[in-house]
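# Structural description and commentary
This is what each chain is made of:
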Amino acid sequence: MEESEEKLQKIYMEFQMLDQQIKHLEKQNESLSSHLMELMATSQSLEDMGKVSNGAEILVPLSSGIYAKAELKDNNNFIVNVGANIALAKDGQSTKKIIENQISEIKKLKESLMLQTHSQMQKAASLEQEMEKIASTLQGNNQ
């Protein structure tokens, strides 16, 4: 009987670890979803920017919910952060391509995370069934 109890504890610990991994994967997925929405909004903004004429008054975001009025000097050239605190001048087409590549990469990462999550959830369900089987056996022996 002790052997069954030890096995149940071991499976329960493994189940707990899987549960934590699943929660972590779900948080990563939420973060990627948020970043994806931000990139899609940026892509749309780039599209819209091409429709605005030079010299037009626009609102420039300074922070969440805080904007400044500005005059658009050039609607087809942008300063793009390419990493490591390096920013380069890019035209609209190049900037759009960068954003599209980032969107594509995030979609791939989300798909991979979904597969990992699904796999971990299947393992957890299997462990849960095994725990229930052992627990019912232990209850039957104690009665």
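The sections below set out a description of the structure shown in this document. (Residues numbered from 1 in each chain as written. Predicted model: local features only at pLDDT ≥ 70, side-chain atom pairs only at ≥ 80, totals over all residues. Heavy atoms only, no water.)

### A closer look at the overall build of the chain
This is how the line gets drawn: A run of H or I in DSSP becomes a helix once it reaches four residues, and a run of E becomes a strand once it reaches two; helices and strands are each numbered from the N terminus. Only C-alpha atoms enter the radius of gyration; for comparison, a globular chain is expected to reach 2.2 Å times N to the power 0.38, where N is the number of residues. Classification of residues uses two cut-offs on accessible area relative to the type maximum, computed with a 1.4 Å probe and protein chains only: under 20% is buried, over 50% is exposed, and between them is partly exposed. The criterion used for residue contact is that any of the two residues' heavy atoms lie within 4.5 Å. Under the convention used here, a 1.4 Å probe and the Shrake-Rupley method define accessible areas, while residue burial counts only the protein chains that appear.
Across its full length, the chain carries two helices and four strands. Start at the N end of the chain and walk to the C end: the helices and strands fall as α-β-β-β-β-α. At 26 Å, the chain has a C-alpha radius of gyration far larger than the 15 Å of a compact globule built from 143 residues. Across the 143 residues in the chain, those meeting the buried criterion constitute 21%. Across the chain, the fraction of contacts at a sequence separation of at least 24, relative to all contacts at a separation of at least 6, is 56%. For the chain, the exposed surface amounts to about 10,900 Å²; the carbon and sulfur share of it is 52%.

### Observations regarding the environment of M37
Following the sequence through the fold, M37 ends up in helix α1 (residues 2–49). It is 18 Å that separates the C-alpha atoms of M37 and L25, two residues lying twelve residues apart in sequence.

### Let's talk about the pairing of strand β1 (residues 57–63)
Moving residue by residue along a regular strand, the side chains alternate between the two faces of the sheet. Rules: By definition, two strands form a pair when at least two bridges between them are found by DSSP.
Little of β1 sits inside the fold, with zero of its seven residues counted as buried. Of the pairings in the sheet, the one linking β1 to strand β2 (residues 66–71) comprises six bridges and is antiparallel in character. In the sheet register, V60 faces β2, and the bridge partner there is A68. Two successive antiparallel strands, β1 and β2, enclose a turn made up of two residues, where G65 displays a positive phi of approximately 80 degrees.

### A look at the pattern of salt bridges
Our working definition: Here, a salt bridge means any Lys or Arg side-chain nitrogen found within 4 Å of an Asp or Glu carboxyl oxygen.
In the structure shown here, the tally under the stated rule is four salt bridges. Measuring nitrogen to oxygen at the nearest pair gives 3.3 Å for the salt bridge that ties D19 to K23. Pair noted here: D19 and K23 are both in helix α1, with a separation of four residues, about one helical turn. The exposure class assigned to D19 is partly exposed, which follows from its relative accessible area of 26%. Two residues, K108 and E105, come together in a salt bridge whose shortest N-O distance is 3.7 Å. With K108 and E105 both in helix α2 (residues 92–142), this residue pair falls three residues apart, about one helical turn. E105 gets classed as partly exposed once you look at its relative accessible area, which sits at 44%.

### Regarding the side chain of K110
The condition is simple: As used throughout, the charge tally considers Lys and Arg to be positive and Asp and Glu to be negative, leaving His and the chain termini uncounted.
Among the structural elements, K110 can be located in helix α2. Buried and unpaired, K110 has E111 as its nearest opposite-charge partner, separated by 8.7 Å. In this structure K110 touches N29, L32, S33 and L36, once residues within four positions along its chain are discounted.

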